[in-house]
Amino acid sequence: MVTSEAVPFAKTGGLGDVAGALPLALARLGHDVTVVLPRYRGPQAGTLVERLPITIAGRTFDVAFVEHAMADRVRAILVDCPELYDRPELYGIGNSDYPDNPVRFALLARAALEFGARGDQGPDVVHAHDWQAGLALVYLKTLFKDRSGLSGAAGVFTIHNLSYQGLFPPGWMPALDLGWELFGIEGIEYWGKMSLLKGGINFSEIITTVSPRYAKEIQTPEFGFGFDGILKRRGKQLCGILNGIDVAVWNPEHDPYLPEPYGPNTLAAKDASRRALLDTLGLPLTPEVLARPIVGMVSRMVVQKGFDLLADLADELLTLDATFVLLGSGEARYQTLWQGLSDRAPDRVGVRFGFDEPLAHLIEGGADIFLMPSRFEPCGLNQMYSLKYGTVPVVRAVGGLDDTIDNWNPRTNSGTGFKFRDYTPEALRSSLEKALALFRKPKSWRAVQRAGMAKDHSWDASAAEYVSVYEKAITLRRMGNRTASV
Ligand code: ADP
Ligand code: GLC
């Protein structure tokens with residue numbers, strides 16, 4: 001598996017969770033997995049297992065491979081090349097990406113393949129995630145096509161987010177050892193630029209994305225970000241597999257970041273988390289505040305996540321029967337807005353900016369409602385964590401949010417959350433108000449909480465689906481036909 005993030009080594013979003021947990025679930029099904037990712041700055045000791053010089057367009061990098069056991073049958077190989085990876089952040093500072101990202105991720109791809117090609121028994125499958133790993137599949141079918149350890153390996157590419165396309169000026173082609181014959185519409189050219197995402201799509205046997213609904217959406221102009229045609233062309237080899245959640249890490253019954261454990265039959269103990277959360281964010285623990293439903297958010301603060309919609313509603317949010325808690329990092333304009341709300345209503349809005357794993361857990365535990373009004377959402381993990389934590393999701397019915405949440409039915413009081421379809425402030429507000437009103441009916445509320453907690457979103461079923469994708473990819477590879485239907 002080639003990825004730019006994997007828990008516990010590196011994470012900026014859901015990719016890190018998925019690339020950390022899926023390998024463990026594959027191992028439980030009997031497979032051997034090596035996860036290759038950069039060794040970023042930080043305390044990551046590990047064991048040095050190999051050292052290789054890797055030359056890209058005449059520039060030689062001295063690369064060390066550092067191994068960490070992740071579980072039985074699963075190891076991480078961290079690619080150590082300080083001149084490229086020993087930096088304060090993973091991809092760039094603030095909103096500006098490191099200018100040498102193409103070579104940083106080309107080296108990741110080359111290092112992963114060089115490592116896999118040692119000896120004669122290479123991997124059966126190279127599974128690459130998002131644009132950062134797209135070149136692994138391009139090189140697999142070009143520079144490495146005759147390397148004995150790798151020549152039979154099938155390529156699987158997973159799209160976690162189509163809006164990040166790895167677009168760079170074409171001048172990078174020779175600088176990454178990519179021949180100009182690859183710079184065509186069936187290769188990696190995209191409107192005059194090079195797209196590493198397109199490389200992953202066009203050089204893999206099978207493409208997956210992270211929910212069935214998103215697999216359909218990305219083949220339409222509304223959600224395709226210009227890639228709908230490219231994906232439709234490969235529609236027969238494209239499928240959606242819902243992400244799972246790692247219930248060893250995200251489980252209120254043994255979450256070290258919660259003051260007291262709780263489960264479906266001990267929901268009253270969730271109260272300790274509510275109090276701890278309010279307290280952590282500086283909200284007063286008055287009877288009035290304690291009685292109000294707490295609406296939580298843990299999110300990258302970008303348009304994708306619906307922050308423009310929330311901005312339209314900002315003033316109205318303060319008039320609702322709710323306390324808002326937000327943990328986020330991202331665009332400055334949204335931080336300013338939410339800081340302003342918190343300054344105006346310090347007993348109604350608590351905010352924390354930055355990346356804070358313990359607080360993310362405490363929000364899942366301490367909030368009553370979890371809000372995800374996304375414009376688009378390939379899968380989304382937080383709504384599944386929320387189900388597990390008895391924190392009722394209010395979501396827009398797109399992508400994985402639509403696939404994982406059953407809308408509340410007022411007649412039967414069934415459902416696991418609240419969904420709205422239109423991307424409008426009114427639709428969001430109306431859905432949120434339904435949730436806030438139901439919170440005031442404790443018996444009905446408990447039933448919705450418990451219905452969500454009873455859902456099984458652990459990785460086992462999804463990992464089995466990946467195994468069947470790997471098998472099909474191997475078959476296609478043997479047939480030497482990437483466009484046959486599977
Ligand atoms: P995305 O990958 O699009 O950001 P997901 O819902 O798939 O969305 O996953 C986001 C993951 O990142 C979750 O595990 C969430 O808890 C975590 N996360 C997001 N923002 C923060 C933050 N500021 N601090 C801590 N964890 C965060
Ligand atoms: C992306 C998507 C998110 C998904 C995650 C993991 O970051 O935005 O919806 O859950 O990848 O697949």
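Quick note: structure is the one above.
All of the points below concern the structure found in this document.

Parameters at a glance
- Residues numbered from 1 in each chain as written.
- Chains lettered and ligands numbered in written order.
- Predicted model: local features only at pLDDT ≥ 70, side-chain atom pairs only at ≥ 80, totals over all residues.
- Heavy atoms only, no water.
- Pairing = 2+ DSSP bridges.
- Helix = DSSP H or I, 4+ residues; strand = E, 2+ residues; numbered from the N terminus.
- Axes fitted to C-alpha atoms, helices over the stretch in contact; angles between N-to-C directions.
- Near = heavy atom within 4 Å.
- Areas by Shrake-Rupley, 256 points an atom, 1.4 Å probe, with all protein chains shown as cover.
- Nonpolar A, V, L, I, M, F, W, Y, C, P; charged D, E, K, R; others polar.
- Buried < 20%, exposed > 50% of the residue type's maximum accessible area, 1.4 Å probe, protein only.
- Lys, Arg positive; Asp, Glu negative; His and termini not counted.
- Salt bridge = Lys/Arg side-chain N within 4 Å of Asp/Glu carboxyl O.
- Contact = heavy atoms within 4.5 Å.
- Polar contact = N/O pair within 3.5 Å; in protein donor to acceptor, adjacent residues only side chain to side chain.
- Domains from an automatic or database assignment.

### Focus: the sheet that holds strand S12 (residues 206-209)
- A sheet is described by the order of its strands in space; here four strands give the open sequence S7-S8-S12-S13, paired in parallel fashion. At either end of the open sheet lies a strand with only one pairing partner, and these are strand S7 (125-129) and strand S13 (238-240). For this sheet, the mean inter-axis angle between neighbouring strands, taken without regard to orientation, is 25°.
- Relative to S13, S12 runs parallel, the two sharing three bridges. Looking at the pairing, Ile 207 lines up with Leu 238 of S13.

### Points about the site of ligand 1
- Lining the immediate surroundings of ligand 1 are 20 residues, of which Gly 14, Asp 17, Arg 300, Lys 305 and Gly 354 lie closest.
- Here ligand 1, which alone exposes 560 Å², has 94% of that area covered by the protein.
- Put simply, the parts of the chain that give the shell around ligand 1 at least two residues each are helix H1 (14-28), strand S14 (294-301), strand S15 (323-330) and helix H14 (382-388).
- Of the residues assigned to the shell around ligand 1, the class counts are six nonpolar, eight polar and six charged.

### A word on the sheet that holds strand S19 (residues 418-420)
- What the six strands build is an open sheet, ordered S16-S15-S14-S17-S18-S19; its pairing is parallel. Strand pairing shows two members of the sheet lacking a second neighbour, strand S16 (349-353) and S19, which therefore form its edges. Here the strands of the sheet are splayed against their neighbours by 15° on average, with no regard to which way each runs.
- Looking at chain direction, S14 and strand S17 (residues 369-372) are connected through two bridges and run parallel. Bridging across to S17, Gly 296 finds its partner in Phe 370.

### Re the side chain of Arg 104
- Positionally, Arg 104 belongs in helix H3 (residues 101-117).
- There is no salt bridge for the buried Arg 104, and the closest opposite charge comes from Asp 100, which lies 4.6 Å off by N-O distance.
- Excluding residues that lie within four positions of it along the chain, Arg 104 makes contacts with Tyr 40, Leu 84, Tyr 85, Arg 87, Glu 89, Leu 90, Tyr 91 and Tyr 98.

### Here's the deal with the site of ligand 2
- Taken together, the neighbourhood of ligand 2 is formed by 13 residues, with His 160, Asn 243, Glu 377, Cys 379 and Gly 380 sitting nearest.
- In this structure, Asn 243 approaches ligand 2 through a side-chain N or O atom, which is 2.8 Å from an oxygen atom.
- Between an oxygen atom of ligand 2 and a side-chain N or O atom of Gln 304, the distance comes to 3.1 Å.
- Counting residues per element, the shell around ligand 2 draws most heavily on H1, at three residues.
- A per-class count over the shell around ligand 2 returns five nonpolar, six polar and two charged.
- Each of domain 1 (14-244 + 460-479) and domain 2 (267-457) accounts for three or more of the residues forming the shell around ligand 2.

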